[in-house]
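# Coordinates in review
This is what each chain is made of:
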Amino acid sequence: MKGIISALLCSFDEHGQVNEKGLRDIIRYNLDTVQVDGLYVNGSSGENFLLTTAQKKQIFTIVKDEVQSDVPLIAQIGSLIIEEAIELAKFVTNLGYDAISAVTPFYYKFDFEEIKHYYNTILEHVENKMIIYSIPALTGVNMSLDQFSELFDNKKIIGVKFTAPDFYLLERLRHRFPDHLIYSGFDEMLLPAAVLNIDGAIGSTFNLNGKRAKQILTLAQQGHIMEALAIQKETNDFISAVLDNGLYQTLKELLVTQGVDAGICRQPLKTLTANGKGIVLDIANKYL
Ligand code: NAY
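Let me sum up the structure you'll find in this document. (Residues numbered from 1 in each chain as written. Predicted model: local features only at pLDDT ≥ 70, side-chain atom pairs only at ≥ 80, totals over all residues. Heavy atoms only, no water.)

This brings us to the sheet that holds strand S7 (residues 181–184). Strand order in the closed barrel made by the 8 strands is S1-S2-S3-S4-S5-S6-S7-S8, with parallel pairing throughout. Ignoring which end each strand starts from, the neighbouring axes of this sheet average 25° apart. Sheet analysis places strand S1 (residues 3–7) next to strand S8 (residues 200–203), joined by 4 bridges and oriented parallel. Residue pairing in the sheet places Ile 5 in a bridge with Ile 202 of S8. (Pairing = 2+ DSSP bridges. Helix = DSSP H or I, 4+ residues; strand = E, 2+ residues; numbered from the N terminus. Axes fitted to C-alpha atoms, helices over the stretch in contact; angles between N-to-C directions.)

Written out as structure tokens, the structure reads:
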């Protein structure tokens with residue numbers, strides 16, 4: 001489960017329903033064209049926190065059916081409703097997902113004991129491996145090195161998706177846990193994370209830009225930092241343009257320019273205006 005892993009986008013129709021054909025198209029594009037090393041399903045990029053339980057299960061089922069065992073699959077099952085997290089963890093484990101991942105519980109100011117209880121409770125109910133999903137900018141949950149260590153005391157917790165710009169903490173984590181899987185979560189910071197010897201990266205922009213990401217990771221692992229930096233620069237020009245135009249909407253519309261039926265985002269995420277779609281064409285011409 002190492003390398004460049006796409007945080008999979010999902011195709012929705014104008015009624016907010018999953019577009020199965022579109023989702024299969026997005027998967028095929030990731031596997032056949034971008035050739036990513038794995039898929040992270042129902043993360044932020046999959047609009048997970050805007051979905052019903054039934055929709056989450058529908059997506060997990062379609063993805064497994066399309067991918068079979070071609071690349072590793074990680075299922076994000078985290079939820080503020082712990083029963084839902086457990087239900088989804090069991091569901092994807094039965095489907096054959098290689099690992100589960102859960103966002104730290106958010107919104108309420110949970111203390112660390114509560115966060116630890118959340119992970120250990122989910123894992124009591126399921127025989128699978130867990131990757132912590134840490135994204136402090138969206139959850140407000142900042143964990144220390146010692147707190148990660150306490151979570152890792154549970155042997156089913158095998159790694160972390162580290163979506164934060166704290167490279168000191170990242171280096172300390174790598175040093176203290178050489179055998180845990182550490183994934184970088186900010187695509188625009190892939191190179192500095194790669195220099196710190198991460199195992200891989202999980203990101204939304206990899207749905208389109210995964211080839212450049214793989215080059216950055218490989219070059220950094222070989223010590224070719226300046227070559228990697230040139231590709232990170234080009235990547236960040238691409239990412240800046242995408243972020244300025246609306247992250248998930250723009251990524252989906254870019255897929256549309258490549259013949260992928262990527263659909264639109266679920267409300268309350270807005271849809272692109274005609275002007276926004278024009279910008280997408282410019283981005284596609286320049287970077288794809
Ligand atoms: C997820 O669960 O889909 C992710 O967190 C993937 C990581 C992405 N974070 C978010 C919040 O979308 O790829 C990043 C991010 O989109 C990218 O670095 C642009 O900022």
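Here we take up the site of the ligand. Surrounding the ligand, one finds 19 residues, the nearest of these being Ser 45, Tyr 133, Glu 188, Ser 204 and Tyr 248. Here Glu 188 contributes a side-chain N or O atom positioned 2.5 Å from an oxygen atom of the ligand. A distance of 2.7 Å separates an oxygen atom of the ligand from a polar side-chain atom of Ser 204. Here the ligand has 460 Å² of accessible area as a free molecule, and 94% of this is covered by the chains. When atom positions are compared with the pocket grids, the ligand is found to occupy the largest pocket. Of all elements in the fold, only S8 and helix H11 (247–257) reach the threshold of two or more residues within the shell around the ligand. When grouped by side-chain class, the residues that make up the shell around the ligand number 10 nonpolar, 6 polar and 3 charged. (Near = heavy atom within 4 Å. Polar contact = N/O pair within 3.5 Å; in protein donor to acceptor, adjacent residues only side chain to side chain. Areas by Shrake-Rupley, 256 points an atom, 1.4 Å probe, with all protein chains shown as cover. 1 Å grid on protein atoms, 1.4 Å probe; cavity = no way out; pocket = protein on both sides within 12 Å on 5 of 7 lines; lining within 4 Å. Sits in = over half its atoms within 2 Å of the grid points. Nonpolar A, V, L, I, M, F, W, Y, C, P; charged D, E, K, R; others polar.)

Fair warning: the whole summary comes from geometry, so function is off the table for now.
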